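Structural overview
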Amino acid sequence: MVLRVSDVGRYVARRLGGEPSLGTVVLCNMAGHHLTSMHEWRWLSRPPKTLVLSAGVGHVRLPDDFGRVIMPQGGLVSNTTNLKFTTIEDLALRRTLSATVSSPWTYYGAIVYALSTSTGATEPRIELHPTPTTNDSTSLKLYYRAGWTALDDIQQVLPIPFQGWLDALFLELAVVMAQGNDEHDNASLSARLAELQLGPLTTAAKLMDGTQQAQLGDYEG
């Protein structure tokens, strides 16, 4: 089962008794951004993504669907490359030190926002130290959870699990976004979201998301 943007539009209009003032695509993106940030969903965990390093370039581009880092990180291809995240202040200090860096490589990274020369938007990227001295598209992998992938067409399929267990929560989020905008005199958007966060739809979705993999390995610590 798949849920399309157009399905959400019809559902919201029926619940509100008319068309909302915000477009369906806008409502879906608002609901999607909130959905992906409201919980550490397992369904957002992605296979490790290989980062492309370029010689002489002290930063690396993040995946298009990047949301947040899963810690800890590791190179894990040939055990010669590793990525350790740190603060931008620590990274700046390391860049001032005249230390000789040799293999096995350990890169230190910090996520910053920078203006993209290709899109004109402000996008996250990883600042690196040391600066790569060779091109490398095989060694350094990033483990991450995805964020919301922006929609731009009424016929697009929502990028949520196709099994249907998240559909009701997403539809209710879209309604809440519309009501928070068009019926804010009855209740604020924040109040409606807080109620939904504590309700049975969210609880059931978290349970389903967290129990799909029964075994998590041996106890540690």
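These remarks concern the structure in this document. (Residues numbered from 1 in each chain as written. Predicted model: local features only at pLDDT ≥ 70, side-chain atom pairs only at ≥ 80, totals over all residues. Heavy atoms only, no water.)

**Here's the deal with the overall build of the chain**
Secondary structure assignment for the chain yields 6 helices and 8 strands. Counted from the first residue to the last, the chain has its helices and strands arranged as α-α-β-β-β-β-α-β-β-β-β-α-α-α. When its C-alpha atoms are laid out on the principal axes, the chain stretches across 70 × 45 × 30 Å. For the chain, buried positions account for 37% of its 221 residues. Nonlocal contacts in the chain, meaning residues at least 24 apart in sequence, comprise 72% of its contacts between residues at least 6 apart. With an accessible surface of roughly 12800 Å², the chain has 54% of that area assigned to carbon and sulfur atoms. Treating the 17 positive side-chain charges of the chain as one cloud and the 21 negative ones as another, the clouds have centres 5 Å apart. (Helix = DSSP H or I, 4+ residues; strand = E, 2+ residues; numbered from the N terminus. Buried < 20%, exposed > 50% of the residue type's maximum accessible area, 1.4 Å probe, protein only. Contact = heavy atoms within 4.5 Å. Areas by Shrake-Rupley, 256 points an atom, 1.4 Å probe, with all protein chains shown as cover. Lys, Arg positive; Asp, Glu negative; His and termini not counted. Charge placed at Lys NZ, Arg CZ, Asp CG, Glu CD.)

**What about the pattern of salt bridges?**
Considering all chains together, one arrives at 9 salt bridges under this definition. In this structure, Arg10 and Asp7 form a salt bridge, with 2.4 Å as the shortest nitrogen-oxygen distance. You can see Arg10 and its partner Asp7 sitting in helix H1 (residues 5–16), 3 residues apart, about one turn around the helix. Given the relative accessible area of 53%, Arg10 is considered exposed. Here Glu172 ties to Arg15 by a salt bridge, and the two come within 3.0 Å at their closest N and O atoms. Taken together, the residues Glu172 in helix H4 (residues 167–182) and Arg15 in helix H1 connect sequence positions 157 residues apart. Connected through shared salt-bridge partners, Glu40, Arg68 and Arg145 make up one network. (Salt bridge = Lys/Arg side-chain N within 4 Å of Asp/Glu carboxyl O.)

**Focus on the side chain of Arg145**
With respect to the helices and strands, Arg145 occurs in strand S8 (residues 144–146). Judged by relative accessible area, Arg145 falls into the buried class, the value being 18%. Among the polar contacts made by the side chain of Arg145, one reaches the side chain of Glu40 at a distance of 2.9 Å. Residue contacts for Arg145: discarding those within four places in its chain leaves Glu40, Trp41, Leu44, Ser45, Asp65, Phe66, Gly67, Arg68 and Ile70. (Polar contact = N/O pair within 3.5 Å; in protein donor to acceptor, adjacent residues only side chain to side chain.)

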